[in-house]
Amino acid sequence: MSSPSTYFEWCQLLERFAKGDDGVLSELEQGSFVVDAGTVYRFYNKVQDAYVERKKQWADKFNRSFQMQTIRTENDIALVLRDAKANLQPLARLISISAFPKDLQETLKKDFDGFITETRKNLRESIKKNHPGNEKLLFVVNTFDFFGKAKESVSTQNSLSQPASDVNHPKRRILF
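In this numbering scheme, every chain counts its residues from 1 along its sequence in written order. This being a predicted model, a pLDDT of at least 70 is required before a residue's local features are given, and a value of 80 or more before pairs of side-chain atoms are given or counted; all residues contribute to the totals for chains, interfaces and linings. Only hydrogens and water are set aside when side-chain values are computed; all heavy atoms of the structure are taken into account.

## Remarks on the pattern of salt bridges
Then step 1. We count a salt bridge whenever a side-chain nitrogen from Lys or Arg sits within 4 Å of a carboxyl oxygen from Asp or Glu. By the definition in use, this model includes seven salt bridges.
Then step 2. Put simply, R16 and D21 hold a salt bridge, and the shortest N to O gap is 2.9 Å.
Then step 3. Using a 1.4 Å probe on the protein chains alone, a residue whose accessible area is under 20% of its type maximum counts as buried, one over 50% counts as exposed, and one in between counts as partly exposed. By relative accessible area, R16 is classed as partly exposed at 36%.
Then step 4. With its nearest N and O atoms 3.5 Å apart, the salt bridge here joins E106 to K102. Of this pair, E106 and K102 both sit in helix α5 (residues 102-130), four residues apart, roughly one helical turn.
Then step 5. Assessed through its relative accessible area of 36%, K102 is described here as partly exposed. The numbering of helices and of strands both runs from the N terminus, where a helix is a DSSP run of H or I of at least 4 residues and a strand a run of E of at least 2.

Shown next, in the form of structure tokens:
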């Protein structure tokens, strides 16, 4: 399949992405789509559905990794967090797709950042509860920040490749 340019093509690729197919990301990144009044809500909902589904899959995998491994040292948790960051890469790539309108990208980034912040907060609370006095584990958990380094490259990429279709569209509210 070539890079998507119609609503139907985007829907097919977004559904595959939602099911865990990371191979479609390169096609999505090369795609183009002009959002119009007839497709704006449906398109945003399709992107949201794919994003939310992949976020759920990540959270399930992340929780399983803690169930499968016993965390006793900072190396144990560092390995789990390293894998978690690597597994977040497809979501970060989806968020930065240049064909998405700027308001959609910003909404997805804000949600993604909040998701990471909430995950880090929950990890800190869990460590304080299950491993009291182990400051090394807390230090490793505090480094779990996906956009600390990647945010700069994503924002640079977005400023360089802002689609022309964003210019004439009014601001829309996106609710997740």
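## Quick look at the layout of surface pockets
Summary: where empty space remains is shown by rolling a probe the size of a single water molecule over the atoms.
Then step 1. Estimated volume of the largest pocket: approximately 230 Å³.
Then step 2. Using a grid of 1 Å spacing that covers the protein atoms alone, one calls a set of points a cavity when a 1.4 Å probe fits there but cannot get out, and a pocket when the set is open and has protein on both sides within 12 Å along at least five of seven lines; lining residues are those with an atom within 4 Å of a point. Around the largest pocket, the lining residues are W58, A59, F62, N63, F66, F115, E118, T119, N122, L123 and S126.
Then step 3. Elements supplying a minimum of two residues to the lining of the largest pocket: α3 (40-68) and α5.
Then step 4. A per-element tally of the lining of the largest pocket places α5 first, with six residues.
Then step 5. The classification used treats Ala, Val, Leu, Ile, Met, Phe, Trp, Tyr, Cys and Pro as nonpolar, Asp, Glu, Lys and Arg as charged, and all other residues, Gly among them, as polar. Of the residues that constitute the lining of the largest pocket, the class distribution is six nonpolar, four polar and one charged. Grid points are joined across faces, edges and corners, and a volume is the space filled by probe spheres set on the points.

## Side note on the nonpolar core
One recurring pattern in soluble globular proteins is that nonpolar side chains are buried together.
Then step 1. We define a nonpolar core as any set of buried Ala, Val, Leu, Ile, Met, Phe, Trp, Tyr and Cys residues linked to one another through side-chain atoms lying within 4.5 Å. Residues W10, L28, F43, L94 and F100 are the most contacted members of the largest nonpolar core, which totals 44 residues.
Then step 2. Taken together, the elements giving at least two residues each to this core come down to α1 (7-18), α2 (25-30), α3, α4 (74-95), α5 and α6 (135-142).
Then step 3. By definition, residues are in contact when any of their heavy atoms lie within 4.5 Å. In contact with F43, not counting residues within four places along its chain, are Y7, W10, F33, V35, F100, P101 and L104.

## Re the packing of α5 against α6
Then step 1. Axis lines are fitted to C-alpha atoms, over the contacting stretch for helices. Their N-to-C directions set the angle, which ranges from 0 to 180 degrees. Between α5 and α6, the shortest axis-to-axis distance is 10 Å and the interhelical angle comes to 175°. Relative to α6, the element α5 lies roughly antiparallel. Residues R120, L123, R124, I127 and K128 of α5 pack against L137, L138, V141 and N142 of α6.
Then step 2. The residue inventory of the contact of α5 with α6, partitioned by class, reads five nonpolar, one polar and three charged. Angular relationships are summarised with four words: roughly parallel below 35 degrees, roughly antiparallel beyond 145, roughly perpendicular across 65 to 115, and oblique for the angles in between.

## What about α1?
Then step 1. An expected span of 1.5 Å times one less than the residue number is assigned to each helix. Counted at 1.5 Å a residue, the expected span for α1 with its 12 residues is 16 Å, and the 16 Å between its end C-alpha atoms agrees.
Then step 2. Residues of α1 that are buried include every one of Y7, W10, C11, L13, L14, F17 and A18, and no others.
Then step 3. Buried residues belonging to α1 abut α2, α3 and α4.
Then step 4. After α1 finishes, the residue G20 shows a positive phi value of roughly 110°.

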